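Chain by chain, the residues run as shown.
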Amino acid sequence: MSFTDYIKKMLTGQLRGNSHSADPTASQTSSGVVEKTGPTLLAIDTASTALSTAVLINGEVKGELYEDMERGQAEHLMGFISESLSQAGITFDEIDGIAVTVGPGAFTGMRIGLATARGLGLARKIPVVGVSSLEAVAYGVSERDQQGRNILVALDSKRNEIFAQAFDSKKRPLSTAECVAPRQALMMAPPGDTVLAGDATARLLTAAAHAPDAFYDCTAPGLPRAGNVARIAAGRWGTDENLPPVPLYLRAPDARRIEDQGPAKKKPLKSRFTKNNLPAKNK
């Protein structure tokens, strides 16, 4: 069954009452009724050079899928969502909300994920919330790697600059997200030892070769994982701390519309007559 057919059946109520919806990890009352311990969320990330989806049920990530994918995200996203829901053992009408990365990242990728999340949210009339790609990477740093140190996340912008943001030992933002040169990014970290995370870590380590403070690499995934996106959104569910589902742009797009490029300079017309080749006067 295609995902389009899946959504149609969901909207018409044909998929309600799935017998697999009960989560065995959820707490149960004495009467045997499953008690929810948090929102059931679908999470999506297409803002990077990868595609990732996951489902969060009672605080547990299920059906998480990830694949490096610089192109083709639009063609594969719906299939990933369908497979994540299937692995989680639930149907789409059991989702309470959708969490999606808003960037910074690839312009096309951000639009794909946001358009899909907002479209599905509109169909179900459920909330759609945004999560920063930089925070999702910081969230993936393990306690073993962090050891109470601050975190500096650096994501590749595919240009000379990088997307960067600093976080404290509790993974709370210490700075705003910026698009800066690697040496400038290092200045965003507070004094002291700092763990570097993200797919642009190598560029930071090179720039930090002669830095006064110590910077450490870690084993965290270099790109966002949908499971972490879901956990962040669930921790803020019901508050106004989640980001709106709109793109987080830190630099201007490379391609611009013609009308945005200003008036075109008119080239002077070259005469087809030279000084010594003037047209004959009419007699």
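What counts and what doesn't
- Residues numbered from 1 in each chain as written.
- Predicted model: local features only at pLDDT ≥ 70, side-chain atom pairs only at ≥ 80, totals over all residues.
- Heavy atoms only, no water.
- Helix = DSSP H or I, 4+ residues; strand = E, 2+ residues; numbered from the N terminus.
- Buried < 20%, exposed > 50% of the residue type's maximum accessible area, 1.4 Å probe, protein only.
- Areas by Shrake-Rupley, 256 points an atom, 1.4 Å probe, with all protein chains shown as cover.
- Polar contact = N/O pair within 3.5 Å; in protein donor to acceptor, adjacent residues only side chain to side chain.
- Axes fitted to C-alpha atoms, helices over the stretch in contact; angles between N-to-C directions.
- Parallel < 35°, antiparallel > 145°, perpendicular 65-115°, else oblique.
- Left-handed = near helix turned anticlockwise from the far one by under 90°.
- Contact = heavy atoms within 4.5 Å.
- Nonpolar A, V, L, I, M, F, W, Y, C, P; charged D, E, K, R; others polar.
- Pairing = 2+ DSSP bridges.
- pLDDT = per-residue confidence, 0-100.
- Core = buried A, V, L, I, M, F, W, Y, C linked by side-chain atoms within 4.5 Å.

Caption draft 1: Representation of the overall build of the protein in the model. Broken down by element type, the protein carries eight helices and twelve strands. For the protein, the proportion of its 283 residues judged to be buried stands at 45%. Accessible area of the protein: about 15,700 Å², with a carbon and sulfur share of 51%.

Caption draft 2: Examining the environment of Arg-149 more closely. Topologically, Arg-149 is positioned in the loop between helix 5 (143-146) and strand 8 (150-156). Take Arg-149: its relative accessible area is 16%, and that puts it in the buried class. Residues Arg-149 and Lys-170, spaced 21 residues apart in sequence, show a C-alpha to C-alpha distance of 8.8 Å. A distance of 2.7 Å separates a polar side-chain atom of Arg-149 from the backbone oxygen of Asp-145.

Caption draft 3: The arrangement of the packing of helix 2 (residues 73-88) against helix 3 (residues 107-124) in detail. Closest axis-to-axis distance for the helix 2/helix 3 pair is 10 Å, and the angle between their directions is 40°. In this view, helix 2 runs oblique relative to helix 3, as classed from their interaxial angle. For the pair helix 2 and helix 3, the crossing hand works out as right-handed. Residues Gln-73, Ala-74, Leu-77, Met-78 and Ile-81 of helix 2 form the contact with helix 3, whose participating residues are Gly-109, Ile-112, Gly-113, Thr-116 and Leu-120. For the contact of helix 2 with helix 3, the per-class residue count stands at six nonpolar, four polar and no charged.

Caption draft 4: Expanded view of the sheet that holds strand 9 (residues 162-167). With mixed pairing, the five strands of this open sheet are ordered in space as 10-9-8-11-12. Taken across any chain shown, the strands that pair with only one partner, and hence form the sheet edges, are strand 10 (178-180) and strand 12 (215-216). Alignment of strand 9 against strand 10, held across three bridges, turns out to be antiparallel. Paired with Ile-162 across the strands is Val-180, a residue of strand 10.

Caption draft 5: Quick look at the side chain of Thr-194. Following the sequence through the fold, Thr-194 ends up in strand 11 (residues 194-197). For Thr-194, a relative accessible area of 1% translates into the label buried. A polar contact of 3.4 Å, which involves the side chain of Thr-194, links it to the backbone oxygen of Gly-192.

Caption draft 6: Molecular detail of the side chain of Ser-52. Secondary-structure assignment places Ser-52 in strand 4 (residues 50-57). A distance of 3.0 Å separates a polar atom in the side chain of Ser-52 from the backbone oxygen of Leu-65. Engagement of the side chain of Ser-52 in a polar contact is seen with the backbone nitrogen of Ala-226, the distance being 3.0 Å. When near neighbours in sequence (up to four residues on either side) are disregarded, Ser-52 contacts Ala-43, Ile-44, Asp-45, Glu-64, Leu-65, Tyr-66, Pro-224, Arg-225 and Ala-226.

Caption draft 7: Broad picture of the confidence of the model for the protein. Per-residue confidence for the protein gives a mean pLDDT of 83; residues scoring 70 or more make up 76%. Ignoring residues within four places in sequence, the model shows residues 15-27, a span with pLDDT below 50, making 26 contacts including any to other chains. Note that residues 254-260 has pLDDT below 50 and, in this model, two contacts with residues that lie over four places away or in other chains.

Caption draft 8: The arrangement of the nonpolar core in detail. Among the nonpolar cores identified, the biggest contains 24 residues, and Leu-42, Ile-44, Val-55, Ile-95 and Ile-98 are the most heavily contacted of them. Counting only elements with at least two residues in this core, the list comes to strand 3 (41-45), strand 4, helix 2, strand 6 (97-101) and helix 3. Looking at which element gives the most residues to this core, the answer is helix 2, with five residues. Other than its neighbours up to four places away in sequence, Ile-98 contacts Leu-42, Ile-44, Phe-92, Ala-117, Leu-120, Gly-121, Ile-126, Pro-127, Val-128 and Val-129. Of all hydrophobic cores here, the second largest spans 16 residues; its members include Leu-152, Ala-154, Leu-196 and Ala-200.

Caption draft 9: A look at the environment of Ile-126. Counting through the fold element by element, Ile-126 comes out in the loop between helix 3 and strand 7 (128-131). Sequence spacing of Ile-126 and Ile-95 is 31 residues, and the spatial spacing of their C-alpha atoms is 8.2 Å. Contact partners of Ile-126, with chain neighbours within four places excluded, come to Ile-95, Asp-96, Gly-97, Ile-98 and Gly-121.

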